[in-house]
Amino acid sequence: MSRNNERNIKKHNDKLHKAQDKVKQAEIFRKEKLKQITKKFNEDKASEK
């Protein structure tokens, strides 16, 4: 019996894609957070003048 049967390959790929999606979502979240921080910082600088 082979270890590389369809079911095992599918399970592995699903787990892999789930992990990749998680990393991608975290990266998007960080970029959005940075945009918000930058926007707030720029607003604070503009209001000081």
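For the structure itself, look to the data block above.
Residues numbered from 1 in each chain as written. Predicted model: local features only at pLDDT ≥ 70, side-chain atom pairs only at ≥ 80, totals over all residues. Heavy atoms only, no water.

1. Some thoughts on the overall build of the chain
Stage number 1. In terms of helices and strands, the chain carries 1 helix and 0 strands.
Stage number 2. Counting only C-alpha atoms, the chain reaches 75 × 10 × 5 Å along its principal axes.
Stage number 3. Of all 49 residues assigned to the chain, the portion counted as buried reaches 0%.
Stage number 4. Accessible area for the chain stands at about 5,400 Å²; split by element, carbon and sulfur atoms hold 56% of it. (Helix = DSSP H or I, 4+ residues; strand = E, 2+ residues; numbered from the N terminus. Buried < 20%, exposed > 50% of the residue type's maximum accessible area, 1.4 Å probe, protein only. Areas by Shrake-Rupley, 256 points an atom, 1.4 Å probe, with all protein chains shown as cover.)

2. Notes on the pattern of salt bridges
Stage number 1. Enumeration over the complete set of coordinates arrives at 3 salt bridges.
Stage number 2. Linking lysine 10 and aspartate 14 is a salt bridge whose minimum nitrogen-to-oxygen distance equals 2.9 Å. Within this pair, lysine 10 and its partner aspartate 14 are both found in helix H1 (residues 6-48), separated by 4 residues, close to a single helical turn.
Stage number 3. Take lysine 10: its relative accessible area is 53%, and that puts it in the exposed class.
Stage number 4. Put simply, glutamate 32 and lysine 35 hold a salt bridge, and the shortest N to O gap is 3.7 Å. (Salt bridge = Lys/Arg side-chain N within 4 Å of Asp/Glu carboxyl O.)

3. Remarks on H1
Stage number 1. Compared with the 63 Å implied by 1.5 Å per residue over 43 residues, the 63 Å span of H1 between its first and last C-alpha is a close match.
Stage number 2. Burial runs low along H1: only 0 of the 43 residues are buried. (Expected span 1.5 Å × (residues − 1).)

4. A closer look at the environment of asparagine 42
Stage number 1. By the element assignment, asparagine 42 lies in helix H1.
Stage number 2. Between the alpha carbons of asparagine 42 and histidine 17 there is a distance of 37 Å; along the sequence they are 25 residues apart.

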